[in-house]
Amino acid sequence: MTTRTATLAADIGSTGVPDLEDVAGHWVDRDEIAHLPSLRNQQGQAHVNHDLTSLSWLAAPPFTFGYHTGELQVNGQVPAAQRFLWKPWGVLREHRRPDGLSLTTDTRMALSRDLLLWRITVTNESDTTRTVELAQDLFAMAAHSEVGYGWLYEGPWNHGMHHDFMALERIRATTGGGERHYLLSPAPRRLRLGRPRVPGIQRDEDHGPMLLDDALPAHVSHDKEPEPRVGVAGAVRGLRVAGADGEVILRADEAIDLTPDGETNLDPFALSPGLTIGFGLRLDTAGRSGTVLTHGNHPDSLRIGVDDGRLWLGITGERESTDAELAVGDWHHVRVDVEADHVVLRLAGSEIARTRHWTESRRWVSRIEDGTVAFADSRSPARAVHAFAGPPGELRTEGAGGRATWTCRVEPGRSVAIGIACAYGTDADAVAAEARTAAEDFEATMRAGEDGWRRLWASMFTPGNPDFSGHLPTFTTEDAGLARTYYTGALQALYQRTIRIRPDEPVFLTGGPRLGPTTTYFWDHCEWSRLYALLEPAGLRSWLLRVLAGPYRDSFGVENLSGGPLGNAYSSTDYALFRLIEHYVCVTGDLAFLDETTGGTTDRATDRATDGTTDGTTDEPPRGTTVLAHLERLGLGWRERRNPATGGVLADFGDDPWQLLECVPTYTGVVASFNGAYVASTRSLAGLYRRLGRHEEAVRTEAEAGQLADALLDLYAGSGHWQVRRPDGTDTIGHCLDFGLVAAALHRELPDRIRREMADFVTGRLLVGGWMRALSPDDPIAAASDRPDHGAAGAFAAWPGLTAHGLARLGCRDQAIALLRNLSSAASGGLWGQAMEIVTGPDGRHRARVAERGVATRECVAGAAGAEAVLSALFDINPTFATGGIARLPATSSVEGVGTLTHLGPFA
């Protein structure tokens, strides 16, 4: 890596596979981006922060890190990163001072190793010799756990293991001289007395869109027993919440009974410095443990409870226990004093507990050992060691961390570099040896990671390579924009690959790093299903067999470490899994896969019923079901979804917006999109039946597909919009998902007028700023759908690829090319995230960037859909059973004005 400003290669793709340096990111200024770059190393993931060195959200299962890894101080000040350069092997951060000192840091997760690396370079660009003090804070709040890796994966806090998205983001905001305090959430939350709830969005009180501003649904893995959620027997009276000015915010004078299973909800308010919460508390049973009061139902909520009759105070990863045992039957006056950086618990006016800053942790212990700083977790076997390439002038431990300080004299025009290595694991001696070895041969260790990424990149496009069970075709073109979209999409898949979660099956993660270090969503996977089948056919085959053996109909994905299902039901599941199976079989020619049997289901009905995510029922096929039977169930899923109240022909997906687009509350019931997908899958099955000699079923399903198509066309509302039918009424909507799936399935029977109107709607209302909006900004529901993935604020990573495919199927190939050509500009100097939001620049022009707000992920494997569309939309590679046969891919394919694919087939 160099510190020069990177420029995009103008001739990328003209000679085949480009150099990885030319595909990967370019320098971006801090004010250009919202979502900071990430790190990955084929077994873990992390986020860089606003300063020059710290990392957060580090998860490399079975290891996770809490809080952040420590900031760099320069002459006593913490400089913020002014610009960033992402590459697959690491991230450069840069800060230029007015006095002529330039600081550049290079932060890496060493490829396929439990090892972090930092190079800190100080360059003197002035004409006088400068002396600079560099002080690097050292934290390694590491934990080891084999369980708890859901979409909301557990990370270490001073009090236990849990996922606290909002709190950790507030801690990240303090880096680089940002916000001073992190303890208090600014969101109004309801005060609850009694039994606490599962943290997250509560279905019984929030039926609106899932905007994810202050809470996440409880998408956690089921391989770990949750913390008991019980209240206490007793009562609260004289409750009074007052602001710093003494004004009463909430008051409840009468006694409120408490029971272990009961709950009383009071009005919402936000915590703020100077706020007090006072009340009288009576316990009716001795020696009990439970919660008395909770502000909200979030992981960082202020909570007061008792443990064996003794009061405790909790907030934002902290819990302070006390020796204050409350006499049963007596009234005790309890008060909480809230400040910006701490909370105090008082009993009868006397302070009995006070929260600490996270750096004052009592969970981790740090000590100096032979010029290194070693860390030990008291709650798990995790160990970490920092070692140095060049000893610091001073090394000391501070609280749960350490600090290394160097005083450097830098001549004009010269640079000084410092290297730091941090190894982690469970064997203290092995971890120390790993850190020391990396520090002693620091530059070679840095180079090895970069060389490893380049080797993997070359293997992706090489038949018979040692790293993948397949390979991707090489795309040669004079169109640099198309080449960049294709090769960036390939890099997206490679970057999100992990080989440690399941050593016998490479896993491609859906997102991260703030979420899901072991998670794959079915829907996201299907958006690059052709590429997946080409690149990793053996891995896809294995993954499909695992998924089909589980209750896929009541989950959105799988947690690949435990192998268990994850999350709530998604209406997209039938479409997604059918497409993945179809593309796997049709690309590889592995028809025998259809006769494979799956291992059977696991019974989640009881577990799911208790967390409120389903009604507790499951209708998964029994053990020993063939893949073909699953395929039929998926492709003909509309048969069991018909509802007489909405016409009785098309599938009705129910009234829960969380199962469709989450953030569009009117997108429920009968929708065009997935009914279009059912038309395609039903026709595909008819072709498969013909091949299998099941001719009567072929005729029947072909006729049913025609009936579905006719009913679907009746939903068209004009001007590119489609009806949404529910038992209680009808709405119209202009959404790219309807466009993409209907155009893909019905392009042959759509009348010319509708084809034109659909294409005009996309180009006139959705495409903008080198990207697009998922929902038309003038749609009546747009104001209530302000999420940048599926609403009007931007679009999900896969939607431009889906839309380009639809445009091409409607005969608008030039518009498809124009859309695909511009996509890389939205990647914010890296890869595409879950959502790209549309913003207006200083020049008044619209542009897109990777969104951070809500819980959008920095990367999303569905971003490979752009590369997928190069194959499907521009080269017409659309494998399907519908033709009644399995057409082998040609070795080479050329399209005038687009380019040539080589090493495409036949598949080996």
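Presented here is a report on the structure given in the accompanying data block.

## Quick word on the packing of aromatic side chains
Here is step 1 of the chain: Per the stated rule, a full pass over the model turns up 33 aromatic pairs.
Here is step 2 of the chain: With 5.0 Å between their ring centres and 80° between their planes, Tyr-486 and Tyr-487 make a pair best called edge-to-face. Residues Tyr-486 and Tyr-487 agree in their burial class; the two are buried.
Here is step 3 of the chain: Here the basic side chain of Arg-83 rests over the ring of Trp-27, its NZ or CZ set 4.1 Å away from the ring centre.
Here is step 4 of the chain: Stacked on the ring of Trp-312, the Lys or Arg Arg-319 has its end atom at 3.6 Å from the ring centre.

## A closer look at helix α2 (residues 165-172)
Here is step 1 of the chain: Among the eight residues in α2, eight count as buried, and that is most of the element.
Here is step 2 of the chain: Buried within α2 we find Phe-165, Met-166, Ala-167, Leu-168, Glu-169, Arg-170, Ile-171 and Arg-172.
Here is step 3 of the chain: Where α2 is buried, its residues contact β3 (45-48) and β4 (55-60).

## Remarks on the pairing of strand β27 (residues 350-354)
Here is step 1 of the chain: The pairing of strand β26 (residues 343-347) with β27 spans four bridges and is antiparallel. Looking across to β27, one finds that Leu-345 is bridged to Ala-353.
Here is step 2 of the chain: In textbook terms, the turn of a hairpin is the stretch between consecutive antiparallel strands, and for β26 and β27 this stretch comprises two residues, one of which, Ala-348, has a positive phi near 55°.

## As for the sheet that holds strand β40 (residues 716-718)
Here is step 1 of the chain: Read across the sheet, three strands follow the order β40-β41-β42 without closing on themselves; strand pairing throughout is antiparallel. Here the strands that pair on one side only, and so sit at the sheet edges, are β40 and β42 (729-733). Strand-to-strand, the axes of this sheet are offset by a mean angle of 35°, without reference to chain direction.
Here is step 2 of the chain: In this structure, β40 lies alongside strand β41 (residues 721-726), joined through two bridges in antiparallel fashion. Note on β41: the bridge partner recorded for Tyr-716 is Trp-722.

So, how was this worked out
Residues numbered from 1 in each chain as written. Predicted model: local features only at pLDDT ≥ 70, side-chain atom pairs only at ≥ 80, totals over all residues. Heavy atoms only, no water. Phe/Tyr/Trp six-rings, centres within 6.5 Å; stacked < 30°, edge-to-face > 60°. Buried < 20%, exposed > 50% of the residue type's maximum accessible area, 1.4 Å probe, protein only. Lys NZ or Arg CZ within 6 Å of the ring centre and 35° of its normal. Helix = DSSP H or I, 4+ residues; strand = E, 2+ residues; numbered from the N terminus. Contact = heavy atoms within 4.5 Å. Pairing = 2+ DSSP bridges. Axes fitted to C-alpha atoms, helices over the stretch in contact; angles between N-to-C directions.

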